[in-house]
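This is what each chain is made of:
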Amino acid sequence: MAAVGGHPAQGGGTGKESAPIEFRAAVEALGTARLRPEVRLSPTPAPRRLAPYSYALTATVEVEGEELADGRLVLLHDPAGQEAWHGDFRVVTMTRAELEPEIADDPMLSEVGWSWLLDSLQAHGAGYAEPGGTVTHASSHYFGALSDREPSTEIEIRASWTPADGRFERHLAAWGDLLCACAGLPPSAVAPLPDTQSLGGVVPMPARRRPRSH
C-alpha cells in the first residue's frame, strides 16, 4: 500500500499553521492512509468558498503507464458546522473512468456505481452520514475526421458525505478503492486496515481496452 503525500491546508486564504487543530489533525490523518500502489496522489489547490478550511488531492489509477481512472477528493471543515452536513467536516469527491462502450446499456450501471462507494466505505470501516451524489454515464460516437476512433463510454461519480468517526485515513482509502473499481481492477489481495471487512463483495467494472482519453 502507498502512503499519502500532503501539502499545506487551504483555509480561507490562510495556511495550515492558522487552521484549527481538528482540521490539522484530519489532514495529517489523510497522510497515513494505505492505498493500492496503482493509485497516484498529487496535491492540488483546494476550493476556498465551500467552507472556511479545505484540503484537496487529485488521484489517478495507473497500470503499466496507462491512466485508467482519475478524480479529486476535497476535505472541508467548518468549525461552526453546517446544517446540511450534520457535522463540521465533509468529504467531497469526483471519480471518472472510461468503460467498455457496451456497458452503457446496462440498466443497473448507475446503481452499481453508487453501491461501489458505499461498499468501499463499509469495507474500510469508515463511518459516514448524509451521503449524497450523482452517477453519470455517457457514450461518445465519433464521425467525420474522427471516425477512426472507437466509441467510448465514461462514468462519473460525484459524491459527498459526512465523516462520522474521525478516521479520515479510512475515507481516503475507501475512495481509492472506488477509483480502482471504476478502473476495472480486481479487489486488492492486500489485507485491509484492522477492524475492517474484506472488499471481496465489490465487483469491478470490466477492464477497459485503452487508457482514459484527455
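Report follows, based on the coordinates.

Calculation rules
Residues numbered from 1 in each chain as written. Predicted model: local features only at pLDDT ≥ 70, side-chain atom pairs only at ≥ 80, totals over all residues. Heavy atoms only, no water. Phe/Tyr/Trp six-rings, centres within 6.5 Å; stacked < 30°, edge-to-face > 60°. Helix = DSSP H or I, 4+ residues; strand = E, 2+ residues; numbered from the N terminus. Buried < 20%, exposed > 50% of the residue type's maximum accessible area, 1.4 Å probe, protein only. Expected span 1.5 Å × (residues − 1). Salt bridge = Lys/Arg side-chain N within 4 Å of Asp/Glu carboxyl O. Pairing = 2+ DSSP bridges. Axes fitted to C-alpha atoms, helices over the stretch in contact; angles between N-to-C directions. Contact = heavy atoms within 4.5 Å. Arc of directions from axis to C-beta.

1. A look at the packing of aromatic side chains
Pairs of aromatic rings are described using the distance from one ring centre to the other and the angle between the two planes. Evaluated as defined, the whole model comprises two aromatic pairs. Consider the rings of Phe89 and Phe168, whose centres lie 4.8 Å apart with planes at 55 degrees: the pair is tilted. Placement of Phe89 in strand S4 (residues 87–99) and of Phe168 in helix H3 (residues 168–182) is noted, with a sequence separation of 79 residues between them. A residue is classified by how much of its surface remains accessible, and Phe89, at 8% relative accessible area, is buried.

2. What about H3?
Under the 1.5 Å per step criterion, the end-to-end length of H3 is 22 Å for 15 residues, consistent within 8% with the ideal 21 Å. For H3, the tally of buried residues reaches 15 of 15 residues, placing the bulk of the element in the interior. One or two positions beyond H3, positive phi appears at Gly184, with a value near 90 degrees.

3. Overview of the pattern of salt bridges
A side chain of one charge can pair with a side chain of the opposite charge when the charged atoms of the two come close. This structure, assessed with the given rule, holds five salt bridges. Among the ionic pairs, Arg40 bridges to Glu62, the shortest N-O distance being 3.5 Å. Taken together, the positions of Arg40 in strand S1 (residues 39–43) and Glu62 in strand S2 (residues 53–63) put the pair 22 residues apart, joining distant regions of the chain. Glu156 is the salt-bridge partner of Arg158, the closest N and O atoms lying 2.8 Å from each other. You can call Arg158 partly exposed: its relative accessible area is 42%. Of the residues examined, Glu156 reaches a relative accessible area of 19% and is grouped as buried.

4. Re the sheet that holds strand S5 (residues 128–140)
The strand order across the open sheet formed by six strands is S1-S2-S3-S4-S6-S5, and the pairing between neighbours is antiparallel. For this open sheet the edge positions go to S1 and S5, each flanked by a neighbour on one side alone. Across this sheet, the average inter-strand angle for adjacent strands is 15 degrees, counted without regard to direction. The sheet contact formed by S1 and S2 spans five bridges and is antiparallel. Residue pairing across strands places Leu41 opposite Ala59, the latter belonging to S2. On the sheet, H3 packs against S1, S2, strand S3 (66–82), S4, S5 and strand S6 (152–163) and is oriented at approximately 15 degrees with respect to S4.

5. A closer look at unusual backbone geometry
In this structure, Glu64 takes a positive phi of about 50 degrees despite not being glycine. Structurally, Glu64 can be placed in the loop between S2 and S3. Positive phi values are uncommon outside glycine, yet His86 reaches one of about 60 degrees. For His86, the position within the fold is in the loop between S3 and S4.

6. Describing the pairing of S3
Inspection of the sheet shows S2 paired to S3 by eleven bridges, in the antiparallel sense. Among the inter-strand pairings, Tyr53 is bridged to a residue of S3, identified as His77. What sits between S2 and S3 in their antiparallel hairpin is a turn of two residues, with Glu64 showing a positive phi close to 50 degrees. Relative to S4, S3 runs antiparallel, the two sharing ten bridges.

7. Quick look at helix H1 (residues 21–30)
For H1, the complete set of buried residues consists of Phe23, Ala26, Val27, Ala29 and Leu30. Projected down its long axis, H1 shows its buried positions confined to an angular sector of 155 degrees, all on one face. Buried residues along H1 sit against S2, S3, S4 and H3.

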